[in-house]
Amino acid sequence: MVTLEILAISMPISVLLGIALGTARVYGNVIIRGIASAIVITFRGFPVLVTLLLIFFGLSDFGIYVPPFWTAVIGFILCSGSYQSEYVRGAIRSIDIGQSLAARSIGMTKLQEVLYIILPQAVRRAFLGITNELIYLVQYSSLAFVVGVPEMFAVTKTFNSLYFRPVETFTTLAVVYLVMISVLVVFFRGIERRLAIPGIELTTK
Amino acid sequence: MNSNIPVLKVENLKKSYSGRIILDGVNLEVDKGETKVILGPSGVGKSTLLRCINMLTLPDSGKIWLEGVELTNPNTDINKMRQKIGFVFQDFNLFHHLTVLKNVTIGLTKVKKIPEEEAIKIAASALEKVHIPNTLWNKYPAQISGGEKQRVAIARALAMKPSIMLYDEPTSALDPQLVGEVLQVIKELSTAGMTSLIVTHELHFALEVANELLFIYNGKIVEQGPPEEVFANPKHDMVKKYIASIYSRKG
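Please read these numbers as outputs of a predicted model, since none were measured by experiment.

Undergrad: What's the story with the overall build of chain A in this structure? I'm lost.
TA: A count of helices and strands for chain A gives 8 helices and 0 strands. Ordered by position in the sequence, the α and β elements of chain A form the string α-α-α-α-α-α-α-α. Counting only C-alpha atoms, chain A reaches 70 × 50 × 20 Å along its principal axes. A total of 205 residues make up chain A; the buried ones form 45% of that total. Sequence separation of 24 or more characterises 72% of the internal contacts of chain A that already satisfy a separation of 6 or more.

Undergrad: Teacher, can you tell me more about the packing of helix 1 (residues 2-27) of chain A against helix 6 (residues 110-140) of chain A here?
TA: In helix packing, the relevant descriptors are the interaxial angle and the interaxial distance, both defined with respect to the helix axes. Residues and elements named next belong to chain A. As a packed pair, helix 1 and helix 6 sit with axes 9 Å apart at the nearest point and diverge in direction by 135°. Looking at the two axes, helix 1 sits oblique to helix 6. Relative to helix 6, the crossing made by helix 1 is right-handed. Contacts between helix 1 and helix 6 pair L7, S10, M11, S14, V15, I19, T23 and Y27 from the former with K110, E113, V114, I118, L119, V123, I130, L134, L137 and V138 from the latter. In the contact of helix 1 with helix 6, the residues fall into 13 nonpolar, 3 polar and 2 charged.

Undergrad: Just to check I follow, could you spell out the sheet that holds strand 4 (residues 61-66) of chain B for this structure?
TA: Within a sheet, each strand pairs with its neighbour through backbone hydrogen bonds, oriented either parallel or antiparallel. Residue and element names in this part refer to chain B. A sheet is described by the order of its strands in space; here 4 strands give the open sequence 2-1-4-5, paired in antiparallel fashion. The two strands at the open ends of the sheet, each matched to only one other strand, are strand 2 (20-30) and strand 5 (69-70). Here strand 1 (residues 8-17) runs beside strand 2; their pairing, made up of 8 bridges, is antiparallel. Bridge pairing links V10 to L28 in strand 2. Against the sheet, helix 1 (residues 46-53) makes contact with strand 1, strand 2 and strand 4, and its axis sits at roughly 120° relative to strand 1, the strand it touches most.

Undergrad: I tried to follow the nonpolar core on my own but got confused; where do I start?
TA: For soluble globular proteins, nonpolar side chains are generally found buried alongside one another. If you look at the biggest cluster of nonpolar residues, it comprises 137 residues, and the most contacted ones within it are L28, I154 and L197 of chain B. Here this core spans two domains, and each of domain 1 (1-82 + 193-251) and domain 2 (85-161) of chain B adds at least three residues to it.

Undergrad: Please clarify how the packing of aromatic side chains should be interpreted in this entry.
TA: The geometry of an aromatic ring pair is captured by two quantities: the separation of the ring centres and the angle between the planes. Residues and elements named next belong to chain A. As enumerated under the stated definition, the model contains 13 aromatic pairs over all chains in all. When the ring of F159 is compared with that of Y163, the centres are 4.9 Å apart and the planes differ by 45°; the resulting orientation is tilted. Here Y163 and F159 lie together in helix 7 (residues 152-163), a separation of 4 residues that amounts to about one turn. By relative accessible area, F159 is classed as partly exposed at 45%.

Rules behind the numbers
Residues numbered from 1 in each chain as written. Chains lettered and ligands numbered in written order. Predicted model: local features only at pLDDT ≥ 70, side-chain atom pairs only at ≥ 80, totals over all residues. Heavy atoms only, no water. Helix = DSSP H or I, 4+ residues; strand = E, 2+ residues; numbered from the N terminus. Buried < 20%, exposed > 50% of the residue type's maximum accessible area, 1.4 Å probe, protein only. Contact = heavy atoms within 4.5 Å. Axes fitted to C-alpha atoms, helices over the stretch in contact; angles between N-to-C directions. Parallel < 35°, antiparallel > 145°, perpendicular 65-115°, else oblique. Left-handed = near helix turned anticlockwise from the far one by under 90°. Nonpolar A, V, L, I, M, F, W, Y, C, P; charged D, E, K, R; others polar. Pairing = 2+ DSSP bridges. Core = buried A, V, L, I, M, F, W, Y, C linked by side-chain atoms within 4.5 Å. Domains from an automatic or database assignment. Phe/Tyr/Trp six-rings, centres within 6.5 Å; stacked < 30°, edge-to-face > 60°.

Okay, here's the thing in C-alpha cells:
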C-alpha cells in the first residue's frame, strides 16, 4: 500500500532530519546554523501542498524530474523534519548546563558531549512532541494525491467517483486512518516506556 | 617527568565578568601529593578560580600549567589535558540518562577509547574507593541519594586517573547528614596521596585534610599557610572575621 510505503520511508528519515536540524541550529557554526535555519523557516513557512507542487513542477523546470512517489517522500521529510527540529532544539536548550560542563570536565570534545550526553537526553525530552508530528504526518500524507500518487485518499476519491457513495467511502477511509494512528500510538507508547529513565518520570500518570 | 615541577601552577590569573573583577591576579602552586583548601566568603571567586583552572571558564589573562604543560596556550589540546584534571561539581552533574556504572565508564570508553571490559574493571576499582557497593551500579542517578551521587561523581573523575582533583564546594548541595560520607571519601583519597585542590566551607574538614589553607578575598589570595598557623595567628582582617564567624556559627 502506497501510503504505508511513503510513511515507512519518510517517518524515520524525518526524525533523523529533525534531530540534525535542531542540533545544527544550537551547535553549528554560522554557516551550518544559517543553512539549517533557512531550511526550517522555509518548510515551516510553505504549505505542504505548495512544497509538493514546487518539488514536482518547479524542479522539472530545471530539467530535474522527481517521480510523484519521491516528491511526496521528500516533501514530507522536509516539512515534518523542520517541525520536529524545533522540539529537538527546545529540548537541547532545556538540558542543564551542568551536563555539558561535566562532559567537558572528563575531556570530551564538543562533538562527544553532544552525541553521548546532550542528544540522548534531549531526544527523550522531545519524544512526545516528535510523535505528535509523526501522527500529523500520517494525516497529511493524503496530500500526496496532488502530484498523482495513488495513496489511500486518491484511491478513495476514485472509488467514490465510480460509485458515488461519499459518506460510506470517506467514513471507511477515516476509520482506516484512525486504526493506523491508533497502532502508531501504541507503538510510540512502547518506545516511550523503553526510553524512560528510571527514577525520572517523563510522563504524567 | 621532572619531579620538581608542581602538578599545578597558576600565575597572575585574572577574570572579570562584565566589568566586575572576580579574580585579580591569583598565584598558586600545588605539588604532587599535596592537598590545598581554598576558603573565603561566598562570591569572592573561589569557584571561578577552579573553573578557570580546567578552562571550563576562560581566564582573561594569566597562565596555568599542569605538570609543566601550559593550559592557557591556545595550541594545547585542552580536551586531552582535562582528562588529567578531575573536577567535582557542587551539584554533582551526573549524567541523568546513564547508570552509575556507565557514568564512570563513559569517559573511559568514549574519551580514552578503552575497551568496555577493561573500563568496567577500572570503574569498579574507582567505585570501590568511594564506597559505592555494586548493588548500586545499575541504578540511575535519580534513584540514589545525594551523598551517593557525589561519591559516584568523584569516582567518575577518579577513573580517568587524573593528576589532580579539583573539588568545587563538594558538600554544599547536600543534606547535613550526607556531608560526612563525602568528606570522608575526599579525605581518604587525599591521605592516599591524591593531589587535591578543594573549595569548601567545611572548616573542620579543611583543618583535617589540608597541607595548606588559601584565603581568597577580593579576587586575591590574601593569606596562606599551614592550617594550624593560619588559625593560631590570622593576619588579614577578613580571615579573622571569617574564622570568628564560623566558630560562632558552630557555637
